[in-house]
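# Commentary on secondary and tertiary structure
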Amino acid sequence: MAGSIEELLDILYTEIEEAKNMPLNNDKCVVERDRVLDMIDDVKAELPVEIKRAKDLVANKNDYIASAKREADGMRQQAEDYARRLVNENAIVREAEDRAAEIIAEAEEQCRMLKHAASEYCEDALRRVEEAVADAYDEVKHSRAKFRSALGAAESAPQRQESRRAIYDAEADEDEYDDED
């Protein structure tokens, strides 16, 4: 099950929201452990991909800025070369200097605008990734707290009937698994 972190979290949220309620308790529910754990594993697997995408965006921004600066430097060099060729003629020299200054100003303005646009784009992308990671983290913490709460309530409730279904004990299962190794 692959998808974006947001899609995976939406599926996980729906899974928990649609889970059957525990008897006599609307705050606790029963979920398919393997399915929910698989979704959490998928979220964990997507996090490095999202982070790599964000890093790639930052690298692309830096390449874009460097390219714009090289282009601006090239335009400036062309303007300077053009002005030198026309040095001997006063009227043409003044016109060339004015045009060179305009070209330089345009190039610097374009460079500034491109840098600003690239920075805003990267900042927005990084903010969205940060929000997605924070939401995923909050959802996992919330799910763990609910799970622990459900487990604590189940362990503290007296066993009323012998036929009552046993509540899964993750710590005991983990200890049993560790003993087998």
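Note that residues are indexed from 1 along each chain, following the sequence as it is written. Local features are withheld for residues below a pLDDT of 70 in this predicted model, meaning they are given only at 70 or higher, and side-chain atom pairs are given and counted only at 80 or more; totals for whole chains, interfaces and linings count all residues. The basis for every side-chain value is the complete set of non-hydrogen atoms in the structure, without hydrogens or water.

In this section: the layout of surface pockets. A water-sized probe rolled over the atoms picks out the places where empty space is left. Computed over the protein atoms alone on a 1 Å grid, cavities are sets of points where a 1.4 Å probe fits but cannot get out and pockets are open sets with protein on both sides within 12 Å along at least five of seven lines; a residue lines them when it has an atom within 4 Å of a point. Grid points are joined across faces, edges and corners, and a volume is the space filled by probe spheres set on the points. Looking at the second largest pocket, its volume works out to about 230 Å³. Secondary-structure elements contributing two or more residues to the lining of the second largest pocket are α1 (5-17), α2 (33-85) and α3 (90-156). Residue contributions to the lining of the second largest pocket peak at 5 residues, all from α3. Just so you know the grouping, Ala, Val, Leu, Ile, Met, Phe, Trp, Tyr, Cys and Pro go in nonpolar, Asp, Glu, Lys and Arg go in charged, and all remaining residues, Gly too, go in polar. When grouped by side-chain class, the residues that make up the lining of the second largest pocket number 7 nonpolar, 1 polar and 4 charged. Think of it this way: any DSSP run of H or I at least four residues long counts as a helix, any run of E at least two long counts as a strand, and we number them from the N terminus.

Right, let's get into the confidence of the model for the protein chain. The pLDDT value expresses, per residue, how confident the predictor is, ranging between 0 and 100. Summary statistics for the protein chain give a mean pLDDT of 79 and a share of 81% for residues scoring 70 or more. The least confident element of the protein chain is helix α4 (residues 170-180), whose mean pLDDT is 58; the most confident is α3, at 87.

As for its placement among the helices and strands, glutamate 15 is situated in helix α1. When accessible area is computed with a 1.4 Å probe and restricted to protein chains, residues below 20% of their type maximum are described as buried, those above 50% as exposed, and intermediate ones as partly exposed. Overall, glutamate 15 belongs to the buried group, its relative accessible area being 15%. Two N or O atoms form a polar contact when they lie within 3.5 Å of each other; inside protein one atom must be a possible hydrogen donor and the other a possible acceptor, and for residues adjacent in sequence the pair counts only when both atoms belong to side chains. Within the local environment of glutamate 15, its side chain forms a polar contact with the side chain of arginine 35, the two groups lying 2.6 Å apart. The criterion used for residue contact is that any of the two residues' heavy atoms lie within 4.5 Å. The contacts of glutamate 15, once residues within four sequence positions are left out, are Val31, Glu32, Arg35, Val36 and Met39.

So, on to a negative patch on the surface. Two joining distances apply to patches: 9 Å for like charges and 5 Å for nonpolar side chains (Val, Leu, Ile, Met, Phe, Trp, Tyr), and every residue must have over 30% relative accessible area and no salt bridge. A 1.4 Å probe and the Shrake-Rupley method give the accessible areas. Residues count as covered only by the protein chains that appear here. Salt bridge, as used here, is a side-chain nitrogen of Lys or Arg placed within 4 Å of a carboxyl oxygen of Asp or Glu. His is not counted, nor are the chain ends; Lys and Arg add positive charge and Asp and Glu add negative charge. To locate a charge, take atom NZ for lysine, CZ for arginine, CG for aspartate or CD for glutamate. On the surface, a cluster of negative charge is made up of Glu6, Glu7, Asp10, Asp135 and Asp138. Going through the elements one at a time, α1 and α3 are the ones with two or more residues in the negative patch. Counting residues per element, the negative patch draws most heavily on α1, at 3 residues. Inspection of the secondary structure assignment puts aspartate 10 in helix α1. Using a relative accessible area of 51% as the deciding quantity, one classes aspartate 10 as exposed.

A word on the pattern of salt bridges. Per the stated rule, a full pass over the model turns up 9 salt bridges. A salt bridge links aspartate 56 to lysine 52; its shortest N-O distance comes to 3.0 Å. Of the two residues, aspartate 56 and lysine 52 both sit in helix α2, 4 residues apart, roughly one turn of that helix. The partly exposed category is assigned to aspartate 56, whose relative accessible area is 33%. Two residues, glutamate 102 and arginine 99, come together in a salt bridge whose shortest N-O distance is 3.3 Å. Here arginine 99 and glutamate 102 lie together in helix α3, a separation of 3 residues that amounts to about one turn.

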